[in-house]
Amino acid sequence: MAFSSWFARLRSSSKPFYSLLNRNRTQSSQIGEALLISYKKQAPIFSWASSLLPLALAVSAGSLSLHNHTNPSLCDAADVDPRGLSFGGKGSTEYLVKGSHKDIPQELVNELKSICQDNMTLDFDERYFHGKPQNSFHKAVNIPDVVVFPRSEEEVSKIVKCCNKYKVPIVPYGGATSIEGHTLSPQGGVCIDMTLMKRVKSLHIEDMDVVVEPGIGWIELNEYLEPYGLFFPLDPGPGATIGGMCATRCSGSLAVRYGTMRENVINLKAVLANGDVIKTGSRARKSAAGYDLTRLMIGSEGTLGVITEVTLRLQKIPQYSVVAMCNFPTIKDAADVAIATMLSGIQVSRVELLDEVQVKAINIANGRELPEVPTLMFEFVGTEAYSREQMIIVQKIASQYNGSDFIFAEDPEAKKELWKIRKEALWACFAMEPSFEAMISDVCVPLSHLAELISRSKEELDASPLVCTVVAHAGDGNFHTIILFDPSQEEQRQEAERLNHFMVRTALSMEGTCTGEHGVGTGKMKYLEKELGIEAMRTMKRIKAALDPNDIMNPGKLIPPHRLADSRCR
């Protein structure tokens, strides 16, 4: 197919994806309206200091103390933590994450006010917004009592130290793009919004690294770096910030070439639960000095500390790139080509797979006319000759697996338009069911098992009455299923849950993982014991207890609550 005519068709009748995003957020607000009204009915209104706004505290049905409770035995099967909180059992993901709540002391509010001055709020709508993830079906019975907006590491340290003194929970907050409930505040407490800390502190061009604050977004960072011919290669969803990307150990479509956040952070600084500030390493590209605290913090999801500074490894902007697209009769054919491409030794920078339902969603959302069949997208980088040579080799591989309509783009605007299809896949799905919410799987398996996993999952998805799409980072064995369901229909939520369980169980049976890049949060805690084993869970708990003995750092996330008292069965 001539690319010029294909590209014209791609752009025709294009509608902005972000209108879908706004519509979805409106729908989510409507879905949560009853919950918000419930908050207001339950919340006693009272006055803080005269300089502060009135605050409506959301009180759950059984308000319990935040401390001075003994831990249950590890042998206990109850999905309840020592404070009576239920974060979802081992067998289900609760739509509404439960939690107890205790009024925060007036003294803490006064101390936070003295630290943050005007950069804090008790406004109900602002607290509700921070307590409800924008891109996740997870919700919590409580919301933050206070939201603070620190401007410096020193302020973060003081805030955390105060909260630890009063044993009040802390929830770090960045771009709010998490889909696993990482920013929920099931116990209320203090939400630390890091978005005012977004400076680029230093750029070392010859060393190809940069030191940034956690609130800067990866897109904004790359805009800053572009004039220097450098870029940061991780590309998760739009709006993600560097701090949150570290906390969830995210990756993106470029991970197949450049690695995940784990490989691209040189060192970081973090505030621990007692207010101490640690720096995890030097700026050297490699070091054998001491425990690897950098990797301990990356992926800890705010449960061990609040990240305040990150030193990132940078890459040169490629001299040349080619983006290609190819269609296949079955999703297994497409997955097989992704595997064969990686085995060929070609260093592709992206290999993305879309199933026919996802392509249909893109057509509906933007009025496009793409062939509604399983599709692979590639990116090749290097010199012009090398990029084209790689593309030709992959085209030959695709032809061996029934590939057709192999087209490519070299024009910058054409390439940008192609990747826009993939980057906004989630919002395109809501064009098919605008009032629904999405449960998103994130399984990852060794590459040799990818085709089998996708094929088996696709059989289940196609047999389901729900609308389900598949989007995969096929080059590293990671694939997502976007399962749309009506949150007001319990049977639909249960069906979405069943599909998610099926894919996770299948991935684990193939020596895979329940989460390749989205993190655990509240949504995937129930799978960790099966994946990692009980001894690993006990070790994680010991680390958590050592660094955060009062359990104030993003409590109820990452470590399953029924394993919080691991030493009791010793």
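Fair warning: this is a prediction, and the values are worked out from it, not measured in the lab.

Engineer: In this structure, what is going on with a nonpolar patch on the surface? I would like to understand it.
Structural biologist: A cluster of nonpolar side chains, contributed by Tyr291, Leu293, Leu296 and Ile543, occupies part of the molecular surface with about 390 Å² of accessible area. With a relative accessible area of 33%, Leu293 lands in the partly exposed category.

Engineer: Looking at this structure, how should I read the pattern of salt bridges?
Structural biologist: A side chain with one charge can pair with a side chain of the opposite charge if their charged atoms come near. By the definition in use, this model includes 30 salt bridges. One salt bridge connects Lys139 with Glu437, and the closest N-O pair in it is separated by 3.1 Å. You can see Lys139 sitting in strand E5 (residues 139-140) and its partner Glu437 sitting in strand E20 (residues 437-440), a full 298 residues away along the chain. Accessibility assignment for this pair places Lys139 and Glu437 in one class, buried. Its salt-bridge partner being Glu379, residue Arg350 comes within 2.8 Å of it at the nearest N-O pair. Taken as a pair, Arg350 in strand E17 (residues 350-354) and Glu379 in strand E18 (residues 375-382) lie far apart in primary sequence, 29 residues in all. Under the relative-accessibility criterion, Arg350 is labelled buried at 11%. The exposure class assigned to Glu379 is buried, which follows from its relative accessible area of 10%.

Engineer: Could you clarify how one ought to interpret the nonpolar core in this entry?
Structural biologist: General note: in soluble globular proteins, nonpolar side chains tend to be found buried as a group. Leu353, Leu376 and Phe479 are the most contacted members of the largest nonpolar core, which totals 57 residues. When sequence neighbours within four positions are dropped, the list of residues in contact with Leu353 reads Ile331, Ala334, Ala335, Thr375, Leu376, Val470, Val471, Ala472 and Ala474.

Engineer: Help me understand the packing of helix H12 (residues 331-343) against helix H17 (residues 450-463) in this model?
Structural biologist: Helix-helix packing: each pair is described by the crossing angle between the helix axes and the interaxial distance. Direction vectors running N to C along H12 and H17 enclose 160°, while the axes themselves pass 9 Å from each other. Relative to H17, H12 is oriented roughly antiparallel. The element H12 and its partner H17 pack so that their crossing is right-handed. Seen from H12, the contacting residues are Ile331, Lys332, Ala335, Asp336 and Ile339; seen from H17, they are Leu450, Ala451, Ile454, Ser455 and Lys458.

Engineer: Quick question: what am I supposed to make of the sheet that holds strand E10 (residues 209-212) here?
Structural biologist: Note on sheets: strands pair through backbone hydrogen bonds, and any given pair is parallel or antiparallel. Across the sheet, which stays open at both edges, the five strands sit in the order E9-E10-E14-E12-E13 with antiparallel pairing between neighbours. With one partner strand each, in any of the chains shown, strand E9 (200-204) and strand E13 (277-279) form the two edges of the open sheet. The average undirected angle you get between the axes of adjacent strands in this sheet is 10°. Here three bridges tie strand E12 (residues 265-271) to E13, and the two strands are oriented antiparallel to one another. The residue bridging Val271 from the neighbouring strand is Val277, located in E13. Along the sheet, helix H6 (residues 153-166) makes contact with E12, E13 and strand E14 (306-313), crossing E12 at roughly 50°. Sitting on the sheet, helix H7 (residues 218-225) touches E9, E10 and E14, and the angle it makes with E9 is about 45°.

Engineer: Please explain the side chain of Ser157 as it appears in this structure.
Structural biologist: Inspection of the secondary structure puts Ser157 in helix H6. According to the relative accessible area criterion, Ser157 is buried, its value standing at 11%. Once you skip the residues sitting within four places of it in the chain, Ser157 turns out to touch Val271, Gly275 and Val277.

Engineer: What should I look at first to understand the pairing of strand E23 (residues 478-485) in this one?
Structural biologist: Sheet faces and side chains relate simply in a regular strand, where the side chains alternate between the two faces. Counting buried residues in E23 gives eight out of eight residues, a clear majority hidden from the surface. Of the two faces of E23, the one carrying Asn478, His480, Ile482 and Leu484 and the one carrying Phe479, Thr481, Ile483 and Phe485 are both buried. Two strands pair when backbone bridges link them, and E20 and E23 are joined in this way by four bridges, in the antiparallel orientation. Note that in E23 the partner of Glu437 across the bridge is Phe485. Taken together, the two bridges between strand E21 (residues 443-444) and E23 define a ladder with antiparallel strand orientation. Its bridge partner lying in E23, Cys444 is registered against Asn478. One ladder, built from seven bridges, connects strand E22 (residues 467-473) with E23; its direction is antiparallel. If you follow Val470 over to E23, its bridge partner there is Thr481.

Cut-offs applied
Residues numbered from 1 in each chain as written. Predicted model: local features only at pLDDT ≥ 70, side-chain atom pairs only at ≥ 80, totals over all residues. Heavy atoms only, no water. Patch = residues over 30% accessible without salt bridge, like charges linked within 9 Å, V, L, I, M, F, W, Y side chains within 5 Å. Areas by Shrake-Rupley, 256 points an atom, 1.4 Å probe, with all protein chains shown as cover. Salt bridge = Lys/Arg side-chain N within 4 Å of Asp/Glu carboxyl O. Buried < 20%, exposed > 50% of the residue type's maximum accessible area, 1.4 Å probe, protein only. Helix = DSSP H or I, 4+ residues; strand = E, 2+ residues; numbered from the N terminus. Core = buried A, V, L, I, M, F, W, Y, C linked by side-chain atoms within 4.5 Å. Contact = heavy atoms within 4.5 Å. Axes fitted to C-alpha atoms, helices over the stretch in contact; angles between N-to-C directions. Parallel < 35°, antiparallel > 145°, perpendicular 65-115°, else oblique. Left-handed = near helix turned anticlockwise from the far one by under 90°. Pairing = 2+ DSSP bridges.

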